[in-house]
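As a plain string of letters, each chain reads:
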Amino acid sequence: MSAHIGVTGLAVMGANLARNLARNGFTVALHNRSVEKTDALLAKHGDDGDFVRTETLQELVDSLEKPRRVLIMVKAGKPVDSVIEQLEPLLEPGDIIIDAGNSHYEDTRRREAALAKKDLHFVGIGVSGGEEGALNGPSIMPGGSKESYDALGPLLEKIAAHVDGKPCCAWIGTDGAGHFVKMVHNGIEYADMQVIGEAFDLLRSGAGIEPAEQAKIFEEWNKGELASFLIEISAEVLGHVDAKTGKPFVDVVVDAAGQKGTGRWTVISALELGSPTSGIAESVFARALSSQTEQRQLAQELLAGGEAAVEVPESFVEDVRQALYASKLVSYAQGLDMLTSAAKEYGWDLKLDEIASLWRGGCIIRAELLKEITKAYAAAEKPANLLFAPAFTKAIAEVLPAWRRVVATAVQLGIPVPVFSSSLAYYDGLRRKRLPAAVIQGQRDLFGAHTYGRVDAEGTFHTLWGEDKSEIEAVDTH
Ligand code: NAP
């Protein structure tokens, strides 16, 4: 029997993707470095569909129809290079190697370029949704050549999550585009989680609302424009009571957030692209600060608070909801703007409507809001920034007073709201007629002769600061 696809790497993600493929009618050849995982999968879930057991990569390759599709789901990093190295001599021109792990997009670009020279397709795909998604329908972000998508797309679209009958999977763009988009997805996820955390802190520390009551508020919020997987699970987390102590679960959990690195990758990449992705950056830094437990302990003893004794307004819960909506929207706007910058840098034709659409199901950031975002980018006239789409320009205008009130109250009460406040600063920075960047240009010209432009003339200029302060036209040295 020829298998439609081979999967090598049968830990939790690979096993679940293989089962998902089999359940959808594809014959799946199975391989793992140590054969125990292959046999364990067959013993437990062999009934899920048609599997072909193989022990070596040669057997795996021999069992596949042509062009061969081999999906690698091993630990990201060196193991991926090692498996590619072993596979490459066994394959023929036109065959497709797929890396569905969380690889860095620069690694994917490098691997794709190297394998293209050997007439092999290399497809880096971002898969979101964790274990459960891999088994029952993830959000899938494939890169690689369009030609490879023609051979691979039908399988991926079948196993992806579906929303309104549409698969949460579409060809993203060449080489590392899929992994790049998955990385930014994870960055948005960081910001989305942080704004929910900030809303919790505001409601608890500002309005004294206990977690159990907040769980009900979040359930209510989940029925409106904030409806999303993350709001839904936050209600569950807030409502959970620790069996050992009878205390709210969130009060017995150590408040130091971990990370695996994709948020950090997003911020590094945003800095390299010069993309103002402040919400994602602040959410990564907020996790870092939370983990500086020794300094936090010392700061509680050493640093003054100086909080003002302000009463929160009656409308506080609704204000927080609106501020959460605005901050979340800005995080999406910044993430999508980063994709626009990356598309220019790497020559990708990223379709933001399709990307927003495939985040609607299967993944961690799935949210009602993505329907409107998809619509905004599907319009004949694409907005240069998500916030310029008429529906969102109007929505933000409506929540702006509450957003400002919440940030002002948080500052007075000493409640840190890094993403709420930086998102508002981004919004104000974007729309401000004159920014203090002019002063910075003056400083740069004075200490480093970096030159500046004038608002009333073409060209670049330099002031002779150490002489008579007259202005000269600068010679372009580039
Ligand atoms: P994992 O723990 O990252 O990796 C374990 C698998 O890699 C095992 O099959 C192991 O084989 C294999 N492996 C490790 N080094 C190898 C090498 N040098 N050569 C060949 N095989 C090697 O597995 P995972 O959690 O299923 O994740 C797989 C990928 O999906 C990762 O990139 C991960 O970041 C990504 N991902 C994970 C999740 C999640 O929720 N877990 C979600 C999205 C994406 P042996 O059994 O022989 O040791």
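Details of the structure are given in the entry above.
On a predicted model such as this, the values are computed, not experimentally measured, just so you know.

*Asks:* What should I look at first to understand the site of the ligand in this one?
*Replies:* Around the ligand sit 20 residues, and of these Met13, Asn32, Ser34, Lys37 and Asn102 come closest. One of the backbone N or O atoms of Met13 is found 2.9 Å from an oxygen atom in the ligand. A distance of 2.8 Å separates an oxygen atom of the ligand from a polar side-chain atom of Ser34. Surface burial for the ligand is 77%, taken as the share of its 900 Å² of free accessible area covered by protein chains. In the shell around the ligand, the residues fall into 10 nonpolar, six polar and four charged.

*Asks:* Teacher, can you tell me more about the sheet that holds strand E11 (residues 457–463) here?
*Replies:* Whenever strands of a sheet pair, they do so through backbone hydrogen bonds, lying parallel or antiparallel. Read from one edge to the other, the open sheet built from three strands follows the order E10-E11-E12, with strand pairing classed as antiparallel. The outermost strands of the open sheet, each flanked by one partner alone, are strand E10 (452–454) and strand E12 (471–473). For this sheet the average axis-to-axis angle between neighbouring strands, irrespective of direction, equals 50°. Relative to E11, E10 runs antiparallel, the two being bridged by two bridges. Within E11, the residue paired with Tyr452 across the bridge is Phe461.

*Asks:* I tried to follow the pattern of salt bridges on my own but got confused; where do I start?
*Replies:* Working definition: two side chains of opposite charge can pair if their charged atoms are close together. This structure, assessed with the given rule, holds 33 salt bridges. A salt bridge links Arg321 to Glu225; its shortest N-O distance comes to 3.0 Å. With Arg321 in helix H15 (residues 316–346) and Glu225 in the loop between helix H9 (211–221) and helix H10 (229–239), this pair connects stretches of sequence that are 96 residues apart. For Arg321, a relative accessible area of 16% puts it in the buried group. For Lys375, the salt bridge goes to Glu372, with nearest N and O atoms at 3.7 Å. With Lys375 and Glu372 both in helix H17 (residues 369–378) and three residues apart, the pair spans about one turn of that helix. Owing to a relative accessible area of 56%, Lys375 belongs among the exposed residues under this scheme. Owing to a relative accessible area of 30%, Glu372 belongs among the partly exposed residues under this scheme. Bridged by salt links that share partners, the residues Asp81, Asp99, Asp107, Arg110 and Arg111 form one connected network.

The rules behind each value
- Residues numbered from 1 in each chain as written.
- Predicted model: local features only at pLDDT ≥ 70, side-chain atom pairs only at ≥ 80, totals over all residues.
- Heavy atoms only, no water.
- Near = heavy atom within 4 Å.
- Polar contact = N/O pair within 3.5 Å; in protein donor to acceptor, adjacent residues only side chain to side chain.
- Areas by Shrake-Rupley, 256 points an atom, 1.4 Å probe, with all protein chains shown as cover.
- Nonpolar A, V, L, I, M, F, W, Y, C, P; charged D, E, K, R; others polar.
- Pairing = 2+ DSSP bridges.
- Helix = DSSP H or I, 4+ residues; strand = E, 2+ residues; numbered from the N terminus.
- Axes fitted to C-alpha atoms, helices over the stretch in contact; angles between N-to-C directions.
- Salt bridge = Lys/Arg side-chain N within 4 Å of Asp/Glu carboxyl O.
- Buried < 20%, exposed > 50% of the residue type's maximum accessible area, 1.4 Å probe, protein only.

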